[in-house]
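Coordinate analysis (summary)
The lines below spell out each chain.
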There are 2 protein chains.
Amino acid sequence: MTSDLDIARAATLRPMPEIAAKLDIPEDALIPYGRDKAKLEAEFVAGLDGRETGKLILVTAISPTPAGEGKTTTTVGLGDGLSRIGKRAAICLREASLGPNFGMKGGAAGGGYAQVVPMESMNLHFTGDFHAVGAAHNLLAAMIDNHIHWGNALEIDARRITWRRVLDMNDRALRDIVVSLGGVSNGFPRQTGFDITVASEVMACLCLSRDLTDLQERLGRIVVAYRRDRSPVTCAEIGADGAMAVLLKEALQPNLVQTLEGTPAFVHGGPFANIAHGCNSVIATQSALKLADYVVTEAGFGADLGAEKFFDIKCRKAGLTPSAAVVVATVRALKMNGGVAKADLGAEDVAAVEAGCANLNRHIANMKKFGVPVVVAINRFTADTEDEIAAVRAAAEAQGVEAVLCTHWSEGGAGAEALAEKIVALTERPSQFAPLYPDDMPLIEKIETIATRIYHASDVYADQKILNQLRDWEAAGYGNLPICVAKTQYSFSADPTLRGAPSGHTLPIREVRLSAGAGFVVVICGEIMTMPGLPRHPAAETIGLDADCRITGLF
Amino acid sequence: MTSDLDIARAATLRPMPEIAAKLDIPEDALIPYGRDKAKLEAEFVAGLDGRETGKLILVTAISPTPAGEGKTTTTVGLGDGLSRIGKRAAICLREASLGPNFGMKGGAAGGGYAQVVPMESMNLHFTGDFHAVGAAHNLLAAMIDNHIHWGNALEIDARRITWRRVLDMNDRALRDIVVSLGGVSNGFPRQTGFDITVASEVMACLCLSRDLTDLQERLGRIVVAYRRDRSPVTCAEIGADGAMAVLLKEALQPNLVQTLEGTPAFVHGGPFANIAHGCNSVIATQSALKLADYVVTEAGFGADLGAEKFFDIKCRKAGLTPSAAVVVATVRALKMNGGVAKADLGAEDVAAVEAGCANLNRHIANMKKFGVPVVVAINRFTADTEDEIAAVRAAAEAQGVEAVLCTHWSEGGAGAEALAEKIVALTERPSQFAPLYPDDMPLIEKIETIATRIYHASDVYADQKILNQLRDWEAAGYGNLPICVAKTQYSFSADPTLRGAPSGHTLPIREVRLSAGAGFVVVICGEIMTMPGLPRHPAAETIGLDADCRITGLF
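Residues numbered from 1 in each chain as written. Chains lettered and ligands numbered in written order. Predicted model: local features only at pLDDT ≥ 70, side-chain atom pairs only at ≥ 80, totals over all residues. Heavy atoms only, no water.

For chain A, the name recorded in an unreviewed UniProt entry is Formate--tetrahydrofolate ligase, with Thioclava nitratireducens as its organism. What UniProt states about chain A under its Sequence similarities (unreviewed entry) heading is, verbatim, "Belongs to the formate--tetrahydrofolate ligase family." (UniProt positions renumbered as here; feature names shortened; annotations may be inferred.)

Here is the structure:
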């Protein structure tokens, strides 16, 4: 079998000016990064402002399972499919985090014949954006401890510093550390830790900013610590926002690459999908919408988390109007949602598919609550039987939604032409998009709205301390922020073992965090790991160079 | 007065293919990074192997003072001067570290009309090389703690892990830390710390490697820890060398930029000048020598440290033969070496210049010990008087060396034409270069040789523990490595207040460290800071963006 890497390496990439020309981007608006990557110059991006806006299509999915759904593959395939039927299309994806690639093999952007290239660079340093985010984040951290070291004029309570440090590396040893040991010249010892770079609020700020000025303002609003009287200390008070914006100036410019079939691909930004909103940058999406007639993008995890945050955080705040949503499903993943174990996925099991469709149906119904037209993409695997596929189609049709069979993994854009045609038809009428809750709803009611309407929970559990914290933030002027729920992606509930479409559960809030710069309140329900560890035998042990200095073991 | 930044911003940069063409580098050997930076493709670099080698000129200096000497400025000026008199010239410099720019204002590569551009990028992320070094370094660190977490099959003594972590940030809070707190899932708590990225042995390995294979072998040899029986544990045993080489694959390709006058400038690598050898990469220097007839490069600190390490580590190990050395001096710095305080530098003081020339004379005599022809470059300041300059000329001439007055700071390459002519004349005869000591001399004798012959110390003090350590390393096969002394740059002695040309002092060895991957033994004499801190009012507080989003406050 031909591997993703073999396919990617066999591809002949088109010169970047040729890719740009498909969207009428002049060559002098491109800043090259290597031969197969470019950034769009900030001035060019700013100049797009007055233009008409294309149609925005969100690719989301049923609740994920270890069987795999293929959201990125479908995003790429749909983009290529739209190009093939003569539409001016672009796709928007997140950048990959470097660190995790050295833990588990993986990484690739898409798969089979629906990939974005250059694959190796995208899974390593790419255009350096994440390193810039890390540098900006850690500059702020250094300035906080430095401020305290030199006299603490802001009266920061060193026990209440919420700003940690970041590295783009899976390093469990850094989760929980004590810093500033070693005596007077090294500052005041205190407990803190590192998160992985994609968990940085700087990353979320970068991804929600309209431009560099907006970015600096967001950075300035980040709450980094509290005083003894519980009043917040911001990044702007530390004086780090300007220097951080300088460090992020290049990183904010959207990256342009290409699919295997030459569709322009904006790959930019990569916030965590749990404690952040999990979508590519607003600036890339906005630019793509001004340049293309159809822009296909994806959100992290299943639709309960990814699509909800895409709509309620990104679209709400950036003023985006999504024209359609694609819910990706596979027969295999539906079977797992229907109770089949991974080892037993080989055998036909129409009943399990039907049972698993409860999960699909719930996601379809949820999308409709945002006023967005829906289509289901069945990402076909070779072993899927006709009867299993028919079961998925029937389930979708019962809700008035079409399920389109897609074979982009094995056939590229040609395998997603039918989906592309459906999207064109579906987006002819203007979207009735509206967020799920209004800005001015109290924070706890926003949480309850998401829990009951999207997760089908019967109630939300939050202790008094959490309720008080939410009220304090409302009093401090943060009450109009949207909610960013961090919970397991494997279930509508907070219990990862409850597959399918559970109802009547309680959503237990463990902790709430304020991301005042990014502009949301994070509601943590369950264990959320913000610094992964390496497995017993990390992929790094087998990653290396062959005799021709080509990279091996990374994919 | 026009600032360095104003001059750099007013410059019209030539397209990179035009710069490359000056050295007959074909456009397809260039990998663009932004518009004004490029890397030379590894295949092209490898193909240079059989070519003839140009002449290598080292720019070094008298013992540095707060008055400033202008080594980088002279390197740039001489390169431009050689270009102006019709020679095919290139310069080789180190990359700048990002972190320190947020502490103290500064950074610029050169100054006045003798600068390398693009200045802003060179003082920020440049081509991402240092971020790659940091990622490779920290991957190894994560894998060490991960190895212990999963059972410690290599029987590493967790108290004897010498491999720390790195960040390109001035962050004193990270100097001395305890990691792996928080319980079973986070590993075994232990004390460690972070250094700044330029202090990483990975950086030294990158800078001393011939090619990617050599780099991976060096990385594999790095000693990261010891067992209870004191036997070393290497990076290769951890299994990180392959993945680290993958992370450094792009970074190893030399960077090409340009001077204000369009002379090709290779700016690549940047190891610390104290615990490492302080020169740009071997691969950049070798490439430049195959492409240009004259290659001007510089080494860190004064000639006692920088030039000695350049000759005894870089040239010895890379098989380079330097054709000449330029010792840069300023009247101001000579006055300070002659006992004048910085505040009193404004007044003419010929006697102080003459006294300070003891320092210059010592450095000149030292260069001759390596068999390298010497010229003195007087980097002129406006306030220098004719009599003061005459005193410098006389001192040099008394040693049979010419001192050439240079005005490249205010006039660019035209101000260094006389120096360039002198260099051409001086390098007509083949160099008699030889390192100071043979490979097979015992380590302690190598140290004594440097101390007595270069520093004019009367003896070396090392306690029994250090002597035993050196003998252990000799027994383990590391006896043939050269020595890398880390001591103050302000004096020939280990006492920074002893300016001029002190003799008869004792060189006290505080600690010795093995850099088995880079290939040298570090001898630490005095306090060496490998993680700087931020000052009370860091430059970061005033670094920002103006209304046109241009960077302010960085220079």
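1. A short note on the interface of chain B and chain A
One widely used convention gives an interface's size as the accessible area the parts lose upon coming together. Taken together, the contact between chain B and chain A spans 71 residues of the former and 71 residues of the latter. For the pairing of chain B and chain A, the buried interface totals around 5,700 Å² over both sides, and the portion due to carbon and sulfur atoms is 64%. Where chain B meets chain A, there are 4 salt bridges. Residues Arg35(A) and Glu41(B) are paired through a salt bridge, measuring 2.7 Å at the closest nitrogen-oxygen approach. Between chain B and chain A we count 36 residue pairs in polar contact (both at pLDDT 80 or more) in total. Those elements giving two or more residues to the side of chain B that touches chain A turn out to be β1 (30-32), α6 (129-149), β8 (165-167), β9 (177-179), α8 (212-221), α10 (241-247) and β25 (544-545) of chain B. Partitioning the side of chain B that touches chain A into residue classes produces 37 nonpolar, 19 polar and 15 charged. (Contact = heavy atoms within 4.5 Å. Buried area = accessible area lost by both parts, 1.4 Å probe. Salt bridge = Lys/Arg side-chain N within 4 Å of Asp/Glu carboxyl O. Polar contact = N/O pair within 3.5 Å; in protein donor to acceptor, adjacent residues only side chain to side chain. Helix = DSSP H or I, 4+ residues; strand = E, 2+ residues; numbered from the N terminus. Nonpolar A, V, L, I, M, F, W, Y, C, P; charged D, E, K, R; others polar.)

2. Here we look at the relation of the copies chain B and chain A
The transformation that overlays chain B on chain A combines an axial shift of 0.0 Å with a rotation of 180 degrees, and the residual RMSD is 0.0 Å. Between the two chains, the operation in question is that of a two-fold axis. When C-alpha positions in chain B are compared against the rotation axis, the closest is assigned to Tyr33(B), at 2.2 Å. A symmetric contact is evident, with 100% of the interface residues of chain B recurring at the interface of chain A. (Least-squares fit on C-alpha atoms with pLDDT ≥ 70 in both.)

3. With respect to the UniProt feature "binding site: ATP" (unreviewed entry) in chain A
Residue and element names in this part refer to chain A. Feature annotation in UniProt assigns "binding site: ATP" (unreviewed entry) to the following positions: Thr 65, Pro 66, Ala 67, Gly 68, Glu 69, Gly 70, Lys 71 and Thr 72. By secondary structure assignment, the location of Pro 66 is in the loop between β3 (55-61) and α4 (71-84). The residues contacting Pro 66, other than those within four sequence positions of it, are Met 336, Lys 342 and Arg 499. Along the chain, Ala 67 turns up in the loop between β3 and α4. Residue classification places Ala 67 among the buried residues on the basis of a relative accessible area of 8%. Not counting residues within four places of it along the chain, the set of residues in contact with Ala 67 comprises Arg 332, Ala 333, Met 336 and Leu 345. (Buried < 20%, exposed > 50% of the residue type's maximum accessible area, 1.4 Å probe, protein only.)

4. Overview of the packing of aromatic side chains
Residue and element names in this part refer to chain A. Taken as a whole, this structure holds 7 aromatic pairs over all chains when the rule is applied. Pairing Phe 310 with Phe 311 gives two aromatic rings, centres 5.7 Å apart and planes at 65 degrees, and the pair type is edge-to-face. Taken as a pair, Phe 310 and Phe 311 share a single burial class, namely buried. Ring pairing ties together the aromatic residues Phe 310, Phe 311, Phe 370 and Phe 433, which thus form one cluster. The ring of Tyr 455 has Lys 487 sitting right over it, with the charged end atom 4.7 Å from the ring centre. (Phe/Tyr/Trp six-rings, centres within 6.5 Å; stacked < 30°, edge-to-face > 60°. Lys NZ or Arg CZ within 6 Å of the ring centre and 35° of its normal.)

5. Details of the packing of helix α7 (residues 201-208) of chain B against α8(B)
Residue and element names in this part refer to chain B. Axis separation between α7 and α8 bottoms out at 9 Å; the angle between their running directions is 150 degrees. The angle between the axes of α7 and α8 places the two elements in the roughly antiparallel class. Where α7 crosses over α8, the two elements pack in a sense that is right-handed. Taking contact as the criterion, the partners of Val 202, Cys 205, Leu 206 and Leu 208 in α7 are, on α8, Asp 214, Leu 215, Arg 218 and Leu 219. For the contact of α7 with α8, the residue count by class is 6 nonpolar, no polar and 2 charged. (Axes fitted to C-alpha atoms, helices over the stretch in contact; angles between N-to-C directions. Parallel < 35°, antiparallel > 145°, perpendicular 65-115°, else oblique. Left-handed = near helix turned anticlockwise from the far one by under 90°.)

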